[in-house]
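Notes for the structure review
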Amino acid sequence: MTEVQRSGTGSGPEIENLLAESRAFPPDPAFAAQANATAELYEEAAADPVAFWERRAREKLTWTRPFERTLEWDLPFAKWFVGGQLNVAYDCVDRHVEAGLGDKVAYHWIGEPGDRRTLTFADLQREVSKAANALRELGVQTGDRVAIYMPMIPELPIAMLACARIGAPHTVVFGGFSAEALAGRINDAQAKLLITADGGWRRGKAVDLKSAADEALRDTPTIERVLVVRRVGGAVASSMAAGRDVWWHELVERQPPECLPVPVDSEHLLYLLYTSGTTAKPKGIVHTSAGYLLGTSVTHEMIFDAKPDDVYWCAADIGWVTGHSYIVYGPLANGTTGVLYEGAPDTPDWDRWWQIVEELGVTILYTAPTAIRAFMKQGDALPAKHDLSSLRVLGSVGEPINPEAWLWYQRNIGGGRCPVVDTWWQTETGMILITPLPGVTTTKPGSATSPFPGIDADVVDGEGRPVPLGEGGYLVLRRPWPAMLRGIYGDPDRYRETYWSRFPGMYFAGDGARRDEDGYFWLLGRVDDVMNVAGHRISTIEVESALVGHPSVAEAAVVGKTDPVSGQAIFAFVTIRVGVESADALGRELREHVGRAIGPIARPKYLLFTPDLPKTRSGKIVRRLLRDVAEGAPLGDTTTLADPASWRPSAPVPPELRKNEPAIGLSRIGWMRRSDP
Ligand code: 7RM
C-alpha cells in the first residue's frame, strides 16, 4: 500500500511510490459544460489577485456599507474590504428569505437515534433571531465573546449565527474535548456566556456534556450565564445551577421572532477557534467577518460546484474549522441545502452514511481520509447496498489521502462518475487553498493538485528558495487571502513568530510538500511536532504535558505513528518516578488521564514504559529516533535517522506494540549512544 510520509521532508521510498502514481483523471466534458468553475478563473486571478477578490466581494456579499479599500497589507497583518460593513448572519440567512427562498431547506438534520428536523431558511431566520434576543437578555453585547460546547444538533449553527447576528464573537469548543480543555479556551477568550447542551448521542450512548461544562465552570471567572439545550433529557444526570443556568427551551422559545442584524465592520471579530501548535497552549485563531465569508463562500461554490438544487453534506463536526467554514458559513452564504448528522458513522451499522445519502439524495459529500479508510476496511458491500447515484462531487480534507483510499472513494462511493476534490487548508487559512476545480482540473489520486485562483503557494527549501519541480520542501504562501487568520488572540508576537518568521515575507504552514514534474502539489504531512490523528491536530507537547501532569510520571515523549486508518496514532514513551510500579493498570490509567486532560481523541493508542529517554547534550529529546522505534523501523537501521551516528535503543520494542492495536508495553529499553559499547 502506498503511504504518504507524514513527517520530515526527506525522500523515503514512500514518496517515490507516491510520485510514481501515474493515474490521472481528466474532467468529464459533460460535467465541465455545467461547472461553476472555468479555467479563466486562474487567468483572471493571476492578472490581478486583489481585483479578483474585490469583484467577487461586490457581487457575492450584501453590504450595509460598501468598502473603500480592498486590501491593506502590513505584513503580516491583513485587512480586507476596509470601510465596509455587513452582517454575516444576514448574508447567511435573511437575504435568502428576502429573495423568496424562505421555504428552501437550509438543513436536513438527523439525530443519531433517528429523530429528524428540517429547517428552512425562514425557520433559521426565526430561530436565529429568537436565540439572538435570548443572548441579549443574558447580557451579551456586541463584541462580547460567547463559548459554545455542543453536540451536532441544529441549535449549534443557530447559536453561532445568533452570535454573528449581534456581533458577539463565538468560540466553539468541540464536544469531544474535556472540561479542562474547555476551561482553558473559555479563559483565553474571556467568554461571558457558555452555550451548551445536557448531552448528545454518540454510538447509542448519551454523552454527558453538561457535567463536563459544570466542571470547567469551576475555574472560569468570566462566565456569567449558561444557556443549556435539552437534547438527551433524563439520559444524563446533570443539574442546573440556580441563577446561572437557563434552559434554551424556556428562554429562547419565549423570545420575539425578530431581531435586527447588527452591521459590523469587515474586520470585526467573527470567531476564535483554538488549534494545537507546537506548544502546550492552544492558539486562539482569529477570523474576522467579510473576508472570511467571501473566501469560504467563493471556494464552496467553485470547488464543490454548489448549485441551487444540491443537497450538500460536509460530514465533519462543526467544532472543527471544516464545520465552521463548510457546514455553516460558506454553504449558508451560498443558500445551499445542507445535511447535519449528529452521530457516529458506524451506528447502528457501518452503512449509516450511505443510507442517509440515499434517503436525502445527497449530491455533494465532503469528508476525511480517516473516514474513507474506515469505510474501506468494512468492504465494498455496504455502500453497494445503497443507491448512491445522486452523488456528483466528492471531497476530501484533513490529511494526506493515499491513492488507494482516493481510488476506493472514487469507485465505490462516486461510482466512477464523480470528480474527487482533495482540498488542502488549515484552521489558520479559513478557506480551502490548494485543490482541484471540478470540471477544470485533471486530478491525480493523492494530489491536492494546485492553488486556488489568486493563491500564491510554493514549496521552498530550508533557505526559502523555491525547489525545482520534482523535489520536496516546505509549503509556504506568499500573498494574503481574504479568509486568512488575522492573528492569534491576544498575542501578535506569537502570530508573527509562529507563521511568518521561519521564511521572511512568507506564511509557513508547518506542512511539507512536493511538486511533481507537472507542478502538482503533493502534501506530505506536518514537519513540526503536530500530529494529525483522524484529521485532528494534536500537538505532541500537549499530550506530553498531560502525561507529566500525572503524579506517577517523571518524563514523557510523544510521537505520531503511521496508522492505516487514522493517518497517525499517538505513541507515548513514559518514564515513571522512582518507586512507582509500571504496569498495565498504570498504563490504562495514564491513557484515561490524557483523555480527561485533553479529550478522548488525544488518548495514546500505544504507551511504552522506558527507563529513560534519548536526549541530545542540550537535553532535547531525539524524537526522530522515537519515531523510528514507534514505526517499528528495524533496529540498527540508521538510514532514516536525522543524526544517524548517535543513538540506538538497547532492546527491541515489545511485540504487542508492533501490532496495529491499542497496547501498553513494559520494557527495559534504554537509549545508547551508538558510540557506546
Ligand atoms: C481543514 C483542516 C490542518 C492540517 C494541515 C495539514 C493537514 C488538511 C489536507 C491536509 C494533506 C489535505 N484544518 N491537511 N487537509 N494534508 N492533504 N487535503 O484540516 O487546522 O485541523 O488541520 O491538516 O497538515 O496543516 S486543521
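Remember, predicted model here, so these are calculated numbers, not experimental data.

Procedures and definitions
- Residues numbered from 1 in each chain as written.
- Predicted model: local features only at pLDDT ≥ 70, side-chain atom pairs only at ≥ 80, totals over all residues.
- Heavy atoms only, no water.
- pLDDT = per-residue confidence, 0-100.
- Contact = heavy atoms within 4.5 Å.
- Pairing = 2+ DSSP bridges.
- Helix = DSSP H or I, 4+ residues; strand = E, 2+ residues; numbered from the N terminus.
- Axes fitted to C-alpha atoms, helices over the stretch in contact; angles between N-to-C directions.
- Near = heavy atom within 4 Å.
- Polar contact = N/O pair within 3.5 Å; in protein donor to acceptor, adjacent residues only side chain to side chain.
- Areas by Shrake-Rupley, 256 points an atom, 1.4 Å probe, with all protein chains shown as cover.
- Nonpolar A, V, L, I, M, F, W, Y, C, P; charged D, E, K, R; others polar.
- Parallel < 35°, antiparallel > 145°, perpendicular 65-115°, else oblique.
- Buried < 20%, exposed > 50% of the residue type's maximum accessible area, 1.4 Å probe, protein only.
- Core = buried A, V, L, I, M, F, W, Y, C linked by side-chain atoms within 4.5 Å.
- Right-handed = clockwise from strand over helix to strand, strands pointing away.
- Phe/Tyr/Trp six-rings, centres within 6.5 Å; stacked < 30°, edge-to-face > 60°.
- Lys NZ or Arg CZ within 6 Å of the ring centre and 35° of its normal.
- Salt bridge = Lys/Arg side-chain N within 4 Å of Asp/Glu carboxyl O.
- Expected span 1.5 Å × (residues − 1).

1. Considering the confidence of the model for the chain
The predicted structure's coordinates, where accompanied by low pLDDT, should not be read in detail. Considering every residue of the chain, the mean pLDDT works out to 91; 92% of them sit at 70 or more. Per-residue pLDDT stays below 50 along residues 1-16; that stretch engages in 45 contacts with residues further than four places along the chain or on separate chains. Ignoring residues within four places in sequence, the model shows residues 635-645, a span with pLDDT below 50, making 16 contacts including any to other chains.

2. Focus: the sheet that holds strand β25 (residues 521-526)
Spatially, β21-β22-β24-β25 is the arrangement adopted by the 4 strands of the open sheet, whose pairing is antiparallel. Edge positions in the sheet fall to β21 (457-460) and β25, since each of these pairs with one other strand and no more. For this sheet, the mean inter-axis angle between neighbouring strands, taken without regard to orientation, is 45°. Pairing between strand β22 (residues 472-477) and strand β24 (residues 507-515): 5 bridges, direction antiparallel. Residue Gly473 lies in a different strand from β24, and its bridge partner there is Ala513.

3. Section: the site of the ligand
Of all residues adjacent to the ligand, which total 17 residues, the nearest are Asp422, Thr423, Thr427, Asp511 and Arg526. Separating an oxygen atom of the ligand from a side-chain N or O atom of Gln426 is a distance of 2.9 Å. Protein coverage of the free-state accessible area of the ligand, which is 520 Å², stands at 97%. Residue assignment for the shell around the ligand shows that the elements contributing at least two residues are α12 (321-333) and β25. Of the residues in the shell around the ligand, the class split is 6 nonpolar, 6 polar and 5 charged.

4. Focus on the packing of helix α11 (residues 290-303) against α12
Contact geometry of α11 with α12 gives a least axis separation of 8 Å together with a crossing angle of 85°. Put simply, α11 runs roughly perpendicular to α12. Here Tyr292, Leu293, Thr296, Ser297, Thr299 and His300 of α11 come into contact with α12, specifically with His324, Ser325, Tyr326, Tyr329, Gly330, Pro331 and Ala333. The residue inventory of the contact of α11 with α12, partitioned by class, reads 6 nonpolar, 7 polar and no charged.

5. Quick look at the environment of Val548
Mapped onto the fold, Val548 is located in helix α18 (residues 540-548). On the basis of relative accessible area, Val548 is assigned to the partly exposed category, the value being 36%. Remark: the alpha-carbon pair of Val548 and Val594, spanning 46 residues in sequence, is separated by 9.8 Å. If we ignore the near neighbours within four places in the chain, the residues touching Val548 are Val553, Ala554 and Ala556.

6. Focus on the nonpolar core
One finds Trp53, Ile148, Leu161, Ile195 and Tyr329 to be the most contacted residues of the largest nonpolar core, which totals 114 residues. With 9 residues, helix α7 (residues 155-166) is the single largest residue contributor to this core. What Ile195 contacts, discounting residues up to four positions off in sequence, is Leu135, Val146, Ala147, Ile148, Tyr149, Met150, Ala159, Leu227 and Trp248. Tyr149, Ile223, Val533 and Ala602 belong to the second largest nonpolar core, which has 43 residues in total.

7. Points about the pairing of strand β29 (residues 567-576)
Of all 10 residues in β29, 9 are buried; the element is thus mostly enclosed. Relative to β29, strand β28 (residues 553-563) is paired through 10 bridges, and the arrangement is antiparallel. Bridging across to β29, Asp563 finds its partner in Gly567. Where β28 folds back on β29, the antiparallel hairpin that results is connected by 3 residues. Sheet topology note: the β29/strand β30 (residues 606-609) ladder contains 4 bridges and is parallel. Bridge pairing in β30 links Val574 to Phe609. The β-α-β motif built from β29, the intervening helix α19 (residues 584-597) and the parallel element β30 has right-handed crossover chirality.

8. A word on the packing of aromatic side chains
Each aromatic ring pair is specified by the distance between its two centres and by the angle formed by the two planes. Within this structure, the stated rule accounts for 36 aromatic pairs. With a centroid separation of 6.2 Å and 75° between ring planes, the pair formed by Trp353 and Trp354 is classed as edge-to-face. The residues Trp353 and Trp354 share a single accessibility class, namely buried. Put simply, the rings of Trp73, Phe77, Trp481, Tyr495, Tyr499, Trp500 and Tyr507 touch in pairs and so form one group of aromatic residues. One cation-aromatic arrangement involves Arg230 over Trp247; the distance from NZ or CZ to the ring centre is 5.5 Å. Between Lys561 and the ring centre of Tyr606, over which it is positioned, the NZ or CZ distance is 5.3 Å.

9. Observations concerning the side chain of Gln410
Examined against the element boundaries, Gln410 turns out to sit in helix α16 (residues 403-413). Taking relative accessible area as the criterion, Gln410 reaches 8% and is therefore assigned buried. Excluding residues that lie within four positions of it along the chain, Gln410 makes contacts with Phe25, Leu394, Gly415, Gly416, Cys418 and Val420.

10. Observations regarding the pattern of salt bridges
Any two side chains of opposite charge can pair if their charged atoms end up close together. Counting across every chain of the model gives 44 salt bridges. Across the pair Lys210 and Asp245 runs a salt bridge whose closest N-O atoms are separated by 2.7 Å. Placement of Lys210 in helix α9 (residues 209-216) and of Asp245 in strand β12 (residues 245-247) is noted, with a sequence separation of 35 residues between them. Here Lys210 matches Asp245 in class, with each residue buried. Across the salt bridge formed by Asp351 and Lys385, the nearest N and O atoms sit 3.2 Å from each other. Remark: Lys385 occurs in the loop between α15 (381-384) and β19 (393-396) and Asp351 occurs in the loop between β17 (337-341) and α13 (352-360); sequence separation between them is 34 residues.

11. Regarding α11
Here α11 spans 20 Å end to end across 14 residues, near enough to the 20 Å set by a 1.5 Å rise per residue. The buried fraction of α11 is high, at 13 of 14 residues. At the C-terminal side of α11, Asp305 shows a positive phi close to 55°.

12. Brief notes about unusual backbone geometry
Both trends apply: most residues other than glycine have a negative phi, and most peptide bonds are in trans. Look at the link from Leu75 to Pro76: it is a cis peptide, with omega at 0°. Position of Pro76 among the secondary structure elements: in the loop between β1 (69-74) and β2 (77-82). In this structure, the amide linkage connecting Thr347 to the following residue, Pro348, adopts the cis form with an omega of 0°. Positive phi is not limited to glycine here, since Phe81 has a value of about 60°. As for its placement among the helices and strands, Phe81 is situated in strand β2. A residue is classified by how much of its surface remains accessible, and Phe81, at 0% relative accessible area, is buried.

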